[in-house]
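# Per-entry structural report
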Amino acid sequence: MDLKKQEDFLNNIASKLGRPRRSGVEPPKWESKPYLHLYEGKSHEELIEDFITNLGQLNTKVDRISRDQFAASLGNVIQDFEVRSTVYWDDEALDSLCLSDVLEKNQIDAFRWDPNENEEEMKQRTAHVDLGIVFADLGLAETGTVVLFNGGGRGRLVSLLPPKFLCILSEKDIVPRLTQAVQKVHERVSEGLPACINFITGPSRTGDIEMDLAFGVHGPGKVHVILLKDE
Amino acid sequence: MSAHPLIFNERVDKALADPILKKALPLTQDRLRGGRINAAEQLGNVEEWRELASQIRSHTIANLDSYLEELVTNVRKNGGHVHFAATSDDAVEIITGIAKEKNAKSVVKSKSMVSEEVHINKHLEDMGIKVVESDLGEYIIQLANETPSHLIAPAIHKTREQVREMFSKVAGRQLSDETTELTAFAREKLRQEFLQADIGISGCNFAVAESGSVVLVSNEGNARLTTTVPKVHIAMMGMERIVPTWNELDMVVSMLTRSATGQKISVYVTGINSPRQSEDSDGPEEFHLVILDNGRSNILGTAYQEALNCIRCGACLNVCPVYRHIGGHAYGGVYSGPIGAVLTPLLGGYEEWLELPYASSLCGACSEACPVKIPLHDLLIEHRKDEVEMGLTPFSEKMAFKGFGFATSHPSVYETAVKLAHSGMGFLAKDGVISKGPGMLGGWTDVRDLPQPAKQSFREWWKKEGKGRNQ
Ligand code: SF4
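The notes below deal with the structure included here. Owing to the predicted nature of the structure, the values given are computational and were not obtained by experimental measurement. (Residues numbered from 1 in each chain as written. Chains lettered and ligands numbered in written order. Predicted model: local features only at pLDDT ≥ 70, side-chain atom pairs only at ≥ 80, totals over all residues. Heavy atoms only, no water.)

The next subject is the overall build of chain A. When its secondary structure is counted, chain A shows seven helices and twelve strands. In terms of overall dimensions, chain A has a C-alpha envelope of 70 × 50 × 45 Å along the principal axes. Counting over 231 residues, chain A shows a buried share of 55%. If you take every contact in chain A between residues at least 6 apart in sequence, the share linking residues at least 24 apart comes to 76%. Split by element, the accessible area of chain A, about 10300 Å² in all, is 46% carbon and sulfur. Charge centroids of chain A, computed over 27 positive and 38 negative side chains, lie 7 Å from each other. (Helix = DSSP H or I, 4+ residues; strand = E, 2+ residues; numbered from the N terminus. Buried < 20%, exposed > 50% of the residue type's maximum accessible area, 1.4 Å probe, protein only. Contact = heavy atoms within 4.5 Å. Areas by Shrake-Rupley, 256 points an atom, 1.4 Å probe, with all protein chains shown as cover. Lys, Arg positive; Asp, Glu negative; His and termini not counted. Charge placed at Lys NZ, Arg CZ, Asp CG, Glu CD.)

So, in structure tokens, the structure goes:
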């Protein structure tokens, strides 16, 4: 029944297009690459600077630090954002920064997004903490975007429900623009994508009341990025 | 297509008499249009972007059956459910069916024009289900019991004071008219709705065939909440909203956000690739994709096929001198502005939407602004020709033959067109030389027999001639 509907639907499209049904079409190789000039010839250092500048224009501070400065840097964010509670990803990259120890030293009420915990409780808790902390997979220089491949201990609510958001990113994962990011997603298709991929660029915003800009209407209204230098 | 209690003339009259619109429309248009022009200037080679985006869209539509088949195969492989809806009624049946099966009490929605097309809110409410729009602009107009008046800024016709009043009523206390306070109230209120909703209904900016993904573009984050918090997610997609692979997605998303608001990218671009997976403890357990035709297939293979390339950025609304005067509601359909004038008669039939192709000055600014190069004003002329051939003309026949619209002979509209065109030219100027084919006003002069604009205002002209067709 459903399949018949599908066949009718698709056959109708083919007939309106005035040709037999097509199947398995692949897109042509597009010759034009209009985005190239935006980053060609830029060094990685310049891309990193672009990333920082672009986020700066979106009310988002980026701290570029070496790993041994992490505790101090996080301490500053905690002060700036007046953080008392937080939820963070269950992620090796965060563990390698001894995140939970630093949070404990700062007397933060912190919990890990743990897929084995009671789901409803975690959701409620996440909805009530001050800050969500994640480690991004990629950064896009042209836009100041961070890319998150969610899944398992990398819960998608962590970057969404709390009013403030801290994203940690390694410098080496900064690429020029969306072009490189979608290429990486494209390459992962055959092994299966996670349920959700987020591209996040600065704080949640709206202009729906007389075009007056306001932050944080649904997603986090304050965002901070800690960028780890390559060592 | 859509219930519009007033006839076209009455809707235009009403809009022209509205002092709020008179202030809000130019403000919104200028802000959004300025953003787009800046973004285009930053690119430097926007014509190359438009060309590629247009090729991608045309290729996809020309092979729509194949890409849709690939999409739904992958959605199913990823554990999602697929529903094909040939008509609006089919879509309603599918979605109310899911709601019934899930015994849903409440639904949250993120912005979806397709859902407006099928009036899903009304049908769900008739079943006793609470439906809450979560986009701030949509929430405002839902409280006001109205429909969106702009693709990107649905509530531009509402003032801060009106918002304050409506929100205060919901809150049960007096709120100030500060944007931050009003926004904070909406966050709190809508967050409660999200946490208790049984179903989230979203639109679909683009589906990606190669991976069975639905991609949503938003600034507020409500689309993320809608597709993450409730146990069931239904995405409603117009059948043409698809790209072959993630690589093509790059181009259309880049063009969409730059053309809509001038942002290089929106705050959130979210790829939903499947329902939650075994190791996840958030995200919906069920994912349904509803693919809607509702008249779109009738456009395939006709002179109007390119209208299906539309990525709903709203750029054509923001440059249109007619939209500037009458706003979105006067068009009467779900889609307004130049794209609405092209699309609505195609989806809803000439009989009901006879005047819409005349809601244009044919100045060509829309075609010049369109990021996927839809020749909007040519398609409007095509409509007028078709109407004449069918013996259907809304205004006097002489006017129709001359390619006259209700706007072509009035200075205020003409001047707006010229002004918009001039300020839009900046980004096309390279090395001090304006390098482009037919000028912004090309479309205007291309139309044969166009008289010089008379020394008369749009309002005056409308009074005298615009209402030529007495009902
Ligand atoms: S017709 Fe073009 S300009 Fe208008 S909304 Fe569609 S894509 Fe944007």
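From this point on, the discussion continues.
This part takes up the pairing of strand E4 (residues 199-202) of chain B. Residues and elements named next belong to chain B. Along E4, one buried face is formed by Ile199 and Ile201 and the opposite face, lined by Gly200 and Ser202, is buried too. Examined bridge by bridge, E4 and strand E7 (residues 232-238) share four bridges and lie parallel to one another. Bridged to Ile201 within E7 is Ile234. (Pairing = 2+ DSSP bridges.)

Moving on, we get to the site of the ligand. Looking at the ligand, there are 14 residues lining it, with B:Cys310, B:Cys313, B:Gly314, B:Cys316 and B:Cys370 nearest. Among the residues making up the shell around the ligand, the classes are represented as twelve nonpolar, one polar and one charged. (Near = heavy atom within 4 Å. Nonpolar A, V, L, I, M, F, W, Y, C, P; charged D, E, K, R; others polar.)

Every contact between the two is made by 102 residues of chain B and, on the other side, 79 residues of chain A. Overall, the association of chain B and chain A removes approximately 7600 Å² of surface from exposure, summing both partners, and the carbon and sulfur fraction of that is 56%. It is B:Asp65, B:Arg187 and B:Arg224 in chain B that bury the most area against chain A; as a group they hold 9% of the surface buried on that side. Taken together, the connections running from chain B to chain A amount to eight salt bridges. On inspection of chain B and its partner chain A, the count reaches 56 residue pairs in polar contact (both at pLDDT 80 or more). Top element by residues in the side of chain B that touches chain A is helix H4 (residues 64-77) of chain B. It accounts for nine residues. (Buried area = accessible area lost by both parts, 1.4 Å probe. Salt bridge = Lys/Arg side-chain N within 4 Å of Asp/Glu carboxyl O. Polar contact = N/O pair within 3.5 Å; in protein donor to acceptor, adjacent residues only side chain to side chain.)

The next point concerns the environment of B:Gln277. Relative to the helices and strands, B:Gln277 is located in the loop between strand E9 (268-272) and strand E10 (286-292). Measuring from C-alpha to C-alpha, the distance between B:Gln277 and B:Ile291 comes to 23 Å, with 14 residues separating the pair along the chain. The residues touching B:Gln277, leaving out its near neighbours within four places in the chain, are A:Leu193, A:Pro194 and A:Ala195. Of note is the side chain of B:Gln277, whose polar atom sits 3.0 Å from the side chain of B:Ser274.

This part is about the packing of aromatic side chains. A full pass over the atoms with the stated rule returns five aromatic pairs over all chains. Measuring from centroid to centroid gives 4.7 Å for A:Phe9 and B:Phe84, while their planes differ by 50 degrees, and the two rings are tilted. Residue A:Phe9 is found in helix H1 (residues 2-16), and its partner B:Phe84 is found in strand E1 (residues 81-85); the two belong to separate chains. According to the relative accessible area criterion, A:Phe9 is buried, its value standing at 5%. Centre to centre, the rings of B:Tyr139 and B:Phe167 are 5.6 Å apart; their planes meet at 50 degrees, and the pair counts as tilted. (Phe/Tyr/Trp six-rings, centres within 6.5 Å; stacked < 30°, edge-to-face > 60°.)

Grouped together as the largest cluster of nonpolar side chains are 212 residues, with contacts concentrated most on A:Ile168, B:Leu68, B:Leu71, B:Phe167, B:Trp246 and B:Ile291. With eight residues, the top contributor of residues to this core is helix H12 (residues 246-260) of chain B. In contact with B:Leu71, other than residues within four places in its own chain, are B:Ala207, B:Val208, B:Ala209, B:Gly212, B:Ser213, B:Met237, B:Ile242, B:Leu289 and B:Ile291. (Core = buried A, V, L, I, M, F, W, Y, C linked by side-chain atoms within 4.5 Å.)

Now for the sheet that holds E4(B). Strand-to-strand pairing in sheets goes through backbone hydrogen bonds, with the strands running parallel or antiparallel. Strand order in the open sheet formed by six strands is E1-E10-E7-E4-E2-E3 (chain B), with parallel pairing between adjacent strands. Single-partner strands in this sheet number two, and they are E1 and strand E3 (130-133) of chain B. For this sheet, the mean inter-axis angle between neighbouring strands, taken without regard to orientation, is 20 degrees. Pairing geometry for strand E2 (residues 106-109) of chain B and E4(B), over three bridges, is parallel. Bridge pairing in E4(B) places B:Val108 opposite B:Gly200. Strands in contact with H1(A) are E1 and E10 of chain B; relative to E1(B), the strand with the most contacts, it is inclined by about 50 degrees. (Axes fitted to C-alpha atoms, helices over the stretch in contact; angles between N-to-C directions.)

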